[in-house]
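Examination of the molecular architecture
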There are 2 protein chains.
Amino acid sequence: MSYSPSRASYEHSFRHLKASHVLKGLASTPFDLTVEGNLSPNRIERYSAQAGEFKLLFGTERVNDDVLQALKELAQEAHLVEKMAAMQRGEMINKIEGYPSENRKVLHTAMRDFFMHPNQGKEALKATEAAKKECDKLKAFMSKVDKEGQFTDLIQVGIGGSDLGPRALYIALQAYQKPGRRVHFISNVDPDDAAAVLKKIDPKKTLVVVVSKSGSTLETLTNESLVKEHFKKAGCNPAEHFLAVTGEGSPLDNPDHYLKSFYIWDFIGGRYSATSMVGAVMLAFALGFDQYMNILKGAHEMDRIALQPDFYQNLPLLSALLGIWNRNFLHYPTVAVLPYSQALLRFPAHLQQCHMESNGKRIDRMGHPVDFDTGPIIWGEPGTNGQHSFYQLIHQGTNVIPIDFIGFAESQLQEDINIQGSFSQEKLLSNLFAQSIALAKGQKSDNPNKVFPGNRPSQILLGKRLDPFTMGSLLAYYEHKIAFQGFCWNINSFDQEGVQLGKVLAKRIIDQFSAKRQGKRAERFPEAEALLRHLDDLQ
Amino acid sequence: MSYSPSRASYEHSFRHLKASHVLKGLASTPFDLTVEGNLSPNRIERYSAQAGEFKLLFGTERVNDDVLQALKELAQEAHLVEKMAAMQRGEMINKIEGYPSENRKVLHTAMRDFFMHPNQGKEALKATEAAKKECDKLKAFMSKVDKEGQFTDLIQVGIGGSDLGPRALYIALQAYQKPGRRVHFISNVDPDDAAAVLKKIDPKKTLVVVVSKSGSTLETLTNESLVKEHFKKAGCNPAEHFLAVTGEGSPLDNPDHYLKSFYIWDFIGGRYSATSMVGAVMLAFALGFDQYMNILKGAHEMDRIALQPDFYQNLPLLSALLGIWNRNFLHYPTVAVLPYSQALLRFPAHLQQCHMESNGKRIDRMGHPVDFDTGPIIWGEPGTNGQHSFYQLIHQGTNVIPIDFIGFAESQLQEDINIQGSFSQEKLLSNLFAQSIALAKGQKSDNPNKVFPGNRPSQILLGKRLDPFTMGSLLAYYEHKIAFQGFCWNINSFDQEGVQLGKVLAKRIIDQFSAKRQGKRAERFPEAEALLRHLDDLQ
């Protein structure tokens with residue numbers, strides 16, 4: 001594992017890899033799941049892999065042994081596992097060669113490398129040491145909170161990665177919440193978002209966690225001010241209620257204004273920050289510090305799995321390459337993530353960010369525009385709910401939608417009763433399995449409205465039970481699946497230049513509003529002025 | 001408006017309409033928004049339409065006057081407004097010619113036709129009369145609830161259309177909620193969903209609304225039983241707490257088991273049922289009966305707008321045709337719905353159902369497989385949150401994603417403060433406008449990572465303020481936009497055969513589980529048995 005990706009290994013173009021040519025050829029006749037006997041029990045049994053707490057079932061993908069062999073070769077040819085090792089070791093992979101770029105390490109895995117076999121990379125060790133220090137601070141702080149018993153509520157103020165990942169984890173693990181604790185989130189700059197939360201809490205009993213790495217995120221600072229005003233009006237001193245999660249030395253890192261600061265670093269991307277202090281403070285408050293540690297343990301286990309050179313042991317790698325097959329060779333533009341678990345209600349929204357912000361790119365790591373498709377559009381809702389919603393299109397629409405199903409053998413709360421001969425959890429899993437079979441095999445009929453074309457691919461990730469450890473693993477599984485796809489396309493999955501232009505223009509339009517309100521003139525911006533005039537007709 | 005669509009008018013194939021040929025030609029050189037001066041203030045002003053409480057701005061779509069003229073001709077050639085009139089009048093349009101099909105009227109508009117100018121169609125009048133009777137029952141029931149003051153909480157048990165639309169409306173209008181009232185939803189057959197809600201309520205103070213038109217929805221009956229058990233254990237008689245919303249004479253329509261039954265009919269599709277009793281009971285409890293009426297008034301206003309023959313007065317028609325341009329001529333597979341309003345958090349999930357279940361079809365009304373694309377994949381999250389999530393891909397990914405932006409001139413709660421020179425609502429609108437401009441115009445740069453290709457189309461629907469009336473209008477706007485697209489493609493937007501196959505297979509797999517648990521044998525289902533064996537490895 002001492003391979004270090006050379007400049008040359010980043011120069012590969014995905015389209016020109018040998019395995020890409022093989023796959024392109026194979027894609028002209030993908031495996032036909034609708035042929036009687038093709039989706040055999042033997043296939044379902046054989047096309048599966050197990051690691052950690054999970055099994056990945058992919059018999060319902062449109063692959064055969066030749067495709068799997070070529071995908072395996074693609075992984076080797078593009079040095080995917082070596083690049084994962086380089087990332088976890090702390091090499092500077094957030095970079096575009098030859099152009100100004102972020103030039104950062106990518107070390108979210110170091111945030112949870114406290115257990116067996118810590119990574120021995122020098123940078124990784126340093127990052128883990130820093131993370132451990134924050135964890136110890138948090139543990140001490142939380143044991144004080146637990147002892148004093150003043151706080152019942154916590155508000156997390158953050159947006160994007162400071163909101164979506166932590167919120168998805170919180171919702172997923174509410175079943176394990178400490179009694180008498182409630183968590184709220186304020187993210188949107190929409191003033192109604194903050195107002196709705198503030199109606200529900202008693203400031204005297206509430207902690208506020210303000211999360212911004214730079215300490216300069218417009219939405220977060222705006223919401224912080226709104227919340228601060230509210231606390232002051234209620235006679236509370238914000239400095240006794242507000243915590244900061246931020247970069248050391250940022251404007252938020254100020255003991256005069258915050259009860260405590262917890263640190264993050266530039267090598268933790270927002271969308272990969274849920275296991276860092278960004279999620280930690282809130283999760284340790286809601287679930288207890290030990291359960292937060294269990295999340296880290298689960299994530300760490302998957303980090304190790306992602307380093308497995310054996311294709312069939314490395315679940316995120318295998319899933320990533322099945323996704324590449326669907327995206328680049330069968331040309332499907334979206335992926336639906338459909339968890340059969342209501343607790344994972346907001347997990348697709350987190351993945352939407354993590355995936356689309358990471359891999360929605362149009363240039364490769366050398367700055368060349370790509371001539372193939374990169375990250376797909378990610379969307380989804382929990383099943384069985386989705387079955388009563390958009391599954392009509394999935395079965396009979398004119399677009400094919402590859403699916404990531406997620407399911408668990410057991411329910412979280414184990415409060416299940418037998419109704420009409422079966423338990424709810426059995427009904428849930430039966431529906432999941434039924435969908436994957438129905439989508440794959442389809443149905444013939446003399447009534448054209450009852451024809452299901454079939455050959456609609458899916459894979460199933462199965463876990464035992466959604467607990468903090470498993471949730472940590474699941475989170476890391478997708479982080480690494482996304483990273484592997486980015487490595488394969490040879491793009492930089494760790495920057496987000498595409499969000500800048502909108503920010504710059506928004507600032508100029510805010511000036512238009514202010515000027516207009518004050519009867520002044522701002523710097524000319526004709527398109528924006530025309531849009532603002534439309535508002536007048538409504539007021 | 002006495003035109004009745006003949007069999008012939010349903011025989012048109014969308015691809016062979018004259019206007020389709022014209023549009024196909026125009027699509028080879030769509031309007032280039034990136035050329036300096038092309039997105040002019042004059043264009044932004046001129047490419048707008050206003051009706052009711054809304055303005056639709058479409059200067060940032062890739063259309064010019066020729067395209068708009070051809071879209072207008074397409075609307076005429078396909079008799080879209082006449083078909084809308086036929087629907088609202090009560091003709092039997094839920095039908096596939098020549099094959100067994102549902103053969104039903106489609107009369108959700110009759111559920112709110114109590115105000116000015118009621119539709120004079122005989123079937124519509126009958127339906128409105130029936131709906132009015134239920135409204136009167138509900139009014140009397142709610143005034144009793146208000147007077148007695150026993151109930152503080154209400155649980156809505158339903159799935160699909162009995163959940164998504166009502167839930168989206170409830171979340172959107174929480175700012176208008178009656179003090180001391182709380183609403184909860186149980187939909188998923190996942191037992192953790194019900195357990196989480198039951199932890200929060202006191203059965204003695206709680207009403208339960210069970211919603212199922214047929215009275216046989218698996219998930220809903222399962223959850224009803226779970227909730228009933230819980231109430232009995234708490235010493236409450238379910239018959240004093242449970243309400244049914246169902247078809248007259250269904251298994252749920254039983255005064256021995258329910259405090260009251262409210263009726264719906266087979267001409268109300270689940271995904272179009274939010275303004276019927278399906279949403280009414282919960283909304284009248286949460287907001288008060290009068291506010292529920294305001295929702296109906298707003299919806300009714302948009303129903304009338306959808307009958308306007310003038311293309312530029314009929315907002316849902318105009319928006320539908322711009323969508324057809326993007327879908328069938330520029331070939332974009334998805335549409336993102338991005339409301340700049342946190343209150344509309346779950347509105348995209350409702351639209352996902354309404355759109356994808358209605359128009360995710362592969363045969364036309366004559367039973368012929370279509371040779372063009374029908375309903376796109378619908379997804380979305382509120383802005384500005386999405387900007388910190390998936391907008392990277394929208395700006396710089398390899399797929400183009402047409403966008404429906406939704407914004408409001410004013411915030412709901414008007415609890416807004418000036419921070420750094422501007423109010424939050426101004427920041428919100430500035431971001432919305434900035435995104436539409438940035439996506440359209442793009443950006444050139446010597447740094448390839450800072451290049452934005454532009455020409456990414458969007459439209460903006462602007463309202464004054466999101467109140468119950470406006471929400472009703474917004475709901476109906478999308479209902480009719482969807483119906484117009486279905487009319488244009490000449491498909492049946494009102495059935496959902498595509499959900500049947502999964503249901504049938506799920507029942508067989510449930511039998512597998514039961515048999516296995518009891519050490520018996522069920523009817524052979526080899527694929528399912530193979531999937532079940534995978535579970536054993538996890539247990």
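Since the structure is predicted, the reported quantities are computational estimates derived from the model, not experimental observations.

A few words now on the overall build of chain A. Within chain A, the regular secondary structure consists of 18 helices and 13 strands. Computed over C-alpha atoms, the radius of gyration of chain A comes to 24 Å, within 12% of the 24 Å expected from 2.2 N^0.38 for 539 residues, which places it in the range of a compact globule. Each of the three principal axes of chain A carries a C-alpha extent, and together these read 70 × 60 × 60 Å. Put simply, of all contacts in chain A between residues at least 6 apart along the chain, 74% involve residues at least 24 apart.

For the pair of chain copies, the relating operation is a rotation around an axis with a shift along it. At an RMSD of 0.0 Å, chain B and chain A line up after a rotation of 180 degrees and a shift of 0.0 Å along the axis. Viewed as a symmetry operation, the transformation between the two copies matches a two-fold axis. Judged by C-alpha distance, Trp379 of chain B is the residue of chain B that lies nearest the rotation axis, at 3.3 Å.

The next subject is the sheet that holds strand β8 (residues 334–339) of chain A. Residues and elements named next belong to chain A. Taking strand neighbours across the sheet as the criterion, the six strands line up as β1-β2-β13-β10-β8-β9 in an open arrangement whose pairing is mixed. Every other strand in the sheet has two partners, leaving β1 (48–51) and β9 (377–379) as the edge strands with one partner each. The mean angle between the axes of side-by-side strands here comes to 15 degrees, regardless of whether they run parallel or antiparallel. With four bridges connecting them, β1 and strand β2 (residues 54–57) associate as antiparallel partners. The partner of Gln50 across the bridge, within β2, is Lys55. On top of the sheet, helix α12 (residues 315–329) reaches β1, β2, β8 and β13 (458–463); it is set at about 20 degrees to β2, its chief contact.

Quick look at the sheet that holds strand β3 (residues 153–157) of chain B now. All names here are of chain B. The five strands are arranged β4-β3-β5-β6-β7 in an open sheet whose pairing can be described as parallel. The two strands at the open ends of the sheet, each matched to only one other strand, are β4 (182–186) and β7 (260–264). Taking each pair of neighbouring strands and ignoring which way they run, the sheet shows an average axis angle of 20 degrees. Inspection of the sheet shows strand β5 (residues 206–211) paired to strand β6 (residues 242–247) by four bridges, in the parallel sense. By the bridge assignment for β6, Val210 is matched with Ala244. This element, helix α9 (residues 218–233), spans β3, β4 and β5 of the sheet and lies at about 145 degrees to β3.

Turning to the interface of chain B and chain A, a few remarks are in order. Contacts between the two partners involve 124 residues from chain B and, on the opposite side, 125 residues from chain A. Considered class by class, the residues forming the side of chain B that touches chain A number 55 nonpolar, 47 polar and 22 charged.

Time to look at the environment of Asn399 of chain B. Position of Asn399 of chain B among the secondary structure elements: in the loop between α14 (391–396) and β10 (403–408). Along the backbone, Asn399 of chain B and Phe487 of chain B are 88 residues apart, and their C-alpha atoms lie at a distance of 27 Å. In contact with Asn399 of chain B, other than residues within four places in its own chain, are Pro333 and Ile377 of chain A.

Looking now at the packing of helix α7 (residues 164–172) of chain B against helix α10 (residues 277–287) of chain B. Residues and elements named next belong to chain B. Where α7 meets α10, the closest approach of the two axes is 9 Å, and the angle between their N-to-C directions is 20 degrees. Relative to α10, α7 is oriented roughly parallel. Between α7 and α10 the crossing geometry is right-handed. Counting all contacts with α7, which are made through Gly165, Pro166, Leu169 and Tyr170, the residues of α10 involved are Val278, Gly279, Met282, Leu283 and Ala286. Counted by class, the contact of α7 with α10 contains seven nonpolar, two polar and no charged residues.

Residues and elements named next belong to chain B. At a closest axis distance of 6 Å, the pairing of α10 and helix α11 (residues 289–305) adopts a crossing angle of 125 degrees. On the basis of their axis angle, the class for α10 and α11 is oblique. From α10, Ala280, Leu283, Ala284 and Leu287 reach across to α11, where they touch Phe289, Gln291, Tyr292 and Ile295.

Right, let's talk about unusual backbone geometry for a bit. Following Gly383 of chain A, the chain continues into Thr384 of chain A via a peptide bond in cis, with omega recorded as 10 degrees. Here Thr384 of chain A shows up in the loop between β9 and α14 (391–396). Phi is positive for Asn455 of chain B, which is not a glycine, with a value near 55 degrees. For Asn455 of chain B, the location among the structural elements is in the loop between α15 (424–441) and β13 (458–463). Here the phi dihedral of Asn490 of chain B falls at roughly 60 degrees; this positive angle occurs in a residue that is not glycine. With respect to the element layout, Asn490 of chain B can be found in the loop between α16 (468–489) and α17 (500–517).

Looking at chain A, the pLDDT average stands at 95 and 98% of residues meet or exceed 70. Predicted as a complex, the structure gets a pTM of 0.96 and an ipTM equal to 0.96.

Turning next to helix α18 (residues 526–536) of chain A. All of the buried residues in α18 of chain A are Glu527, Ala528, Ala530, Leu531 and His534 of chain A. Relative to the axis of α18 of chain A, the buried residues are bounded by an arc of 160 degrees and lie together on one face. In this fold, the buried residues of α18 of chain A make contact with α17 (500–517) of chain A together with α3 (41–46), β1 (48–51), β2 (54–57), α15 and β13 of chain B.

The next thing to look at is the pairing of β5 of chain B. Residues and elements named next belong to chain B. Most of β5 is tucked away, with six of its six residues classed as buried. Residue alternation in β5 divides its side chains into two sets, Thr206, Val208 and Val210 and Leu207, Val209 and Val211, and both sets are buried. Of the crossover connections in this fold, the one passing from β5 over α9 to the parallel β6 is right-handed.

Residue and element names in this part refer to chain A. By the secondary structure assignment, Arg465 is in the loop between β13 and α16 (468–489). In this structure the C-alpha to C-alpha distance between Arg465 and Ala409, which are 56 residues apart in sequence, comes to 6.2 Å. Excluding its chain neighbours within four sequence positions, the residues that come into contact with Arg465 are Phe408, Ala409, Glu410, Gln412 and Thr470.

Let's shift gears to the pairing of β2 of chain A. All names here are of chain A. Residues Phe54 and Leu56 of β2 are buried on one face, and the alternating residues Lys55 and Leu57, pointing to the opposite face, are buried as well. Counted along the chain from β1 to the antiparallel partner β2, the turn is two residues long, and its residue Gly52 has a positive phi close to 55 degrees. Where β2 lies against β13, four bridges are found, and the strand directions are antiparallel. Considered in β13, the bridge of Phe54 is made with Gly463.

With that settled, consider helix α2 (residues 18–26) of chain A. Residues and elements named next belong to chain A. Listed in full, the buried residues belonging to α2 are Ala19, Ser20 and Leu23. Projected down its long axis, α2 carries its buried residues within an arc of 100 degrees, all on one side. Structural note: α2 exposes Lys18, His21 and Gly25 on the side pointing more than 90 degrees away from its buried face. Looking at the packing, one finds that the buried side of α2 touches α4 (65–77) and α12.

Moving on, we come to the environment of Glu61 of chain B. Residues and elements named next belong to chain B. Secondary-structure assignment places Glu61 in the loop between β2 and α4 (65–77). Owing to 25 C-beta atoms within 10 Å, Glu61 belongs among the buried residues under this scheme. Taking the C-alpha atoms as reference points, Glu61 and Ile403, separated by 342 residues in sequence, lie 9.3 Å from one another. When near neighbours in sequence (up to four residues on either side) are disregarded, Glu61 contacts Leu322, Pro457 and Gln459.

Conventions adopted
Residues numbered from 1 in each chain as written. Chains lettered and ligands numbered in written order. Predicted model: local features only at pLDDT ≥ 70, side-chain atom pairs only at ≥ 80, totals over all residues. Helix = DSSP H or I, 4+ residues; strand = E, 2+ residues; numbered from the N terminus. Rg over C-alpha atoms; globule rule 2.2 N^0.38 Å. Contact = placed C-beta atoms within 7 Å. Least-squares fit on C-alpha atoms with pLDDT ≥ 70 in both. Pairing = 2+ DSSP bridges. Axes fitted to C-alpha atoms, helices over the stretch in contact; angles between N-to-C directions. Nonpolar A, V, L, I, M, F, W, Y, C, P; charged D, E, K, R; others polar. Parallel < 35°, antiparallel > 145°, perpendicular 65-115°, else oblique. Left-handed = near helix turned anticlockwise from the far one by under 90°. pLDDT = per-residue confidence, 0-100. Buried ≥ 20, exposed ≤ 12 C-beta atoms within 10 Å, placed from the backbone. Arc of directions from axis to C-beta. Right-handed = clockwise from strand over helix to strand, strands pointing away.

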